[in-house]
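# What the coordinates show
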Amino acid sequence: MTACGGEQPIFSTRAHVFQIDPSTKKNWVPTSKHAVTVSYFFDSTRNVYRIISLDGSKAIINSTITPNMTFTKTSQKFGQWADSRANTVYGLGFSSEGHLVKFADKFAEFKEAARLAKEKSQEKMELTSTPSQSGAVTRNVLSVSKPGKKKESAPGDLLSPLTPESINGTVEERVTPQMPQHAEARAEPSQNTLPFSHSSSSINKHWEAELEALKGNNAKLTAALLESTANVKQWKQQLAAYQEEAERLHKRVTELECVSSQTTVIKSQKTELNQTIEELELALKAKEEELETLKAEVESAHEFQSQKDVLTQKLQESETRNQTLEAQLSDLEQRLESSQLEREAFRKSLRSLLELLDSKIFELTELRDTLAKLIEGS
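Residues numbered from 1 in each chain as written. Predicted model: local features only at pLDDT ≥ 70, side-chain atom pairs only at ≥ 80, totals over all residues. Heavy atoms only, no water.

Our focus in this paragraph is the pairing of strand β4 (residues 48–55). A regular strand places its side chains so that they alternate between the two faces of the sheet. Counting buried positions along β4 yields seven of eight residues, so the element is predominantly enclosed. Where β4 meets strand β5 (residues 58–64), six bridges bridge the pair, whose relative direction is antiparallel. Opposite Leu 54, over in β5, you have Ala 59 as the bridge partner. Where β4 hands over to β5, the hairpin turn is made up of two residues, of which Gly 56 adopts a positive phi near 75°. (Buried < 20%, exposed > 50% of the residue type's maximum accessible area, 1.4 Å probe, protein only. Helix = DSSP H or I, 4+ residues; strand = E, 2+ residues; numbered from the N terminus. Pairing = 2+ DSSP bridges.)

The next point concerns the nonpolar core. Counting residues in hydrophobic clusters, the biggest one holds 23 residues, and the most contacted among them are Tyr 40, Ile 51, Ile 61, Trp 81, Leu 92 and Phe 103. Elements represented by at least two residues in this core include exactly β1 (7–20), β3 (36–43), β4, β5, β8 (88–93) and α1 (97–128). Of the residues forming this core, the biggest block, five residues, is contributed by α1. (Core = buried A, V, L, I, M, F, W, Y, C linked by side-chain atoms within 4.5 Å.)

A few words on a negative patch on the surface. Side chains of Glu 278, Glu 279, Glu 281, Glu 333 and Glu 337 sit close together on the surface and give a patch of like negative charge. Of all the secondary-structure elements, those providing two or more residues to the negative patch are α4 (193–300) and α5 (305–377). In terms of residues, the negative patch owes the most to one element, α4, which gives three residues. Relative to the helices and strands, Glu 278 resides in helix α4. (Patch = residues over 30% accessible without salt bridge, like charges linked within 9 Å, V, L, I, M, F, W, Y side chains within 5 Å. Areas by Shrake-Rupley, 256 points an atom, 1.4 Å probe, with all protein chains shown as cover. Salt bridge = Lys/Arg side-chain N within 4 Å of Asp/Glu carboxyl O. Lys, Arg positive; Asp, Glu negative; His and termini not counted. Charge placed at Lys NZ, Arg CZ, Asp CG, Glu CD.)

In the structure shown here, the tally under the stated rule is eight salt bridges. Linked by salt bridges that have partners in common, Glu 112, Arg 115 and Glu 119 make up one network.

A positive phi is found at Lys 25, a non-glycine position, where the angle reads about 60°. The class of Lys 25 is partly exposed, set by a relative accessible area of 48%. For Asn 87, which is not glycine, the phi torsion reads 55° and is therefore positive. Within the secondary structure, Asn 87 is located in the loop between β7 (78–83) and β8.

Time to look at the packing of aromatic side chains. Tallied over the entire structure, the rule returns 14 aromatic pairs. Ring geometry for Phe 18 versus Phe 78: centroids 5.8 Å apart, planes at 55°, classification tilted. Residue Phe 18 is located in strand β1, and its partner Phe 78 is located in strand β7; the two are separated by 60 residues in the primary sequence. Through a chain of ring-to-ring contacts, three or more aromatic side chains come together here, namely Phe 11, Tyr 40, Phe 42, Tyr 49, Phe 71, Trp 81, Tyr 90, Phe 94, Phe 103, Phe 107 and Phe 110. (Phe/Tyr/Trp six-rings, centres within 6.5 Å; stacked < 30°, edge-to-face > 60°.)

Okay, α5 next. Here α5 contains 73 residues, and its C-alpha end-to-end distance of 104 Å stays within 8% of the 108 Å for a straight helix at 1.5 Å per residue. For α5, the complete set of buried residues consists of Leu 311, Leu 329, Leu 332, Ser 339, Leu 353 and Leu 357. (Expected span 1.5 Å × (residues − 1).)

On to the confidence of the model for the protein chain, then. The predicted model of the protein chain has a mean per-residue pLDDT of 77, with 77% of residues at 70 or higher. Contacts for the low-pLDDT stretch residues 1–5, under 50 throughout, to residues beyond four places or in other chains number 11 contacts. Every residue in residues 131–197 is under pLDDT 50, and counting partners more than four places away or in other chains gives 81 contacts. (pLDDT = per-residue confidence, 0-100. Contact = heavy atoms within 4.5 Å.)

Next up on the list: the environment of Phe 107. One can find Phe 107 in helix α1. The spacing of Phe 107 and Met 69 is 38 residues in sequence and 9.2 Å in space, taken between C-alpha atoms. Apart from the residues lying within four places of it in its own chain, the contact partners of Phe 107 are Tyr 40, Ile 51, Met 69, Thr 70, Phe 71 and Trp 81.

Rendered as structure tokens:
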């Protein structure tokens, strides 16, 4: 992806951006609400490296790297550098020490490249300022200073060394081969040439500054547009992922609601079993009382031998029924115990499901907060 104005992003990372407080020169003032993209750009037309960061459409960092800059790591995750042109100090807070080290390495690499470019530009400027080329420079300046006319340089003329790029040492100037017509220009320039030269230099500097300002604004707007487009695509992808997660959690809640309804049925069955057990216990007590009555009647009725067989038969029937009831009671106790075990197991399963639901709801809440922050940041 290539930005307008000849700039190309060559390294990007994410960090929290700060600037030094201009009043106190001690405290850091955050210029971004959250971590933003910080990129190194290379301007091939000016042969310079810049650090650019945008918060939405606002440029919060626009710093040109010069050989006298120094990036200082003040902690494991924080670094800073001073920009004399912007009259401020920038600070970056990274999520890890590795990101800080990579950014510092790139800073040192591009600082060295800027130094080499400046030295090469100075060598070219020394070549263009030799006496053998003074006549061509004067002739080029005079051609620019004429009002109402725009004259292109002849094939043998040199590029003007008085552009802002050449003064700052950021553009490698090209020296064309010497042509025979330069031989005439070796003569000492006349006294009337100097005023025109200074006037042309001022006009040339003014229009070059205007052109660079327009290029800078164009690059900022293009970078902001590209960043906004990338952010919109990323937000759409995140929103789709959040919608899928919400749908999955909704299905999970529906399943848990079904399990909860089954729990209600089990509770009702347990209540019925408890009522049946109570009724059987009451019946057992009644039968035990009846058995005691029969035994008392047998003991008190020795004289009724004829009724003894009948009472004995009733006693045997009562014992048989008692055994049947005891068997039923034992069966009910076993069923109750198994029901309690099942209830306990179900309770544990339900508790684990509730814990899972709580964790998913918490994750969904965090995702919602993150999405809200992204929407507020946009």
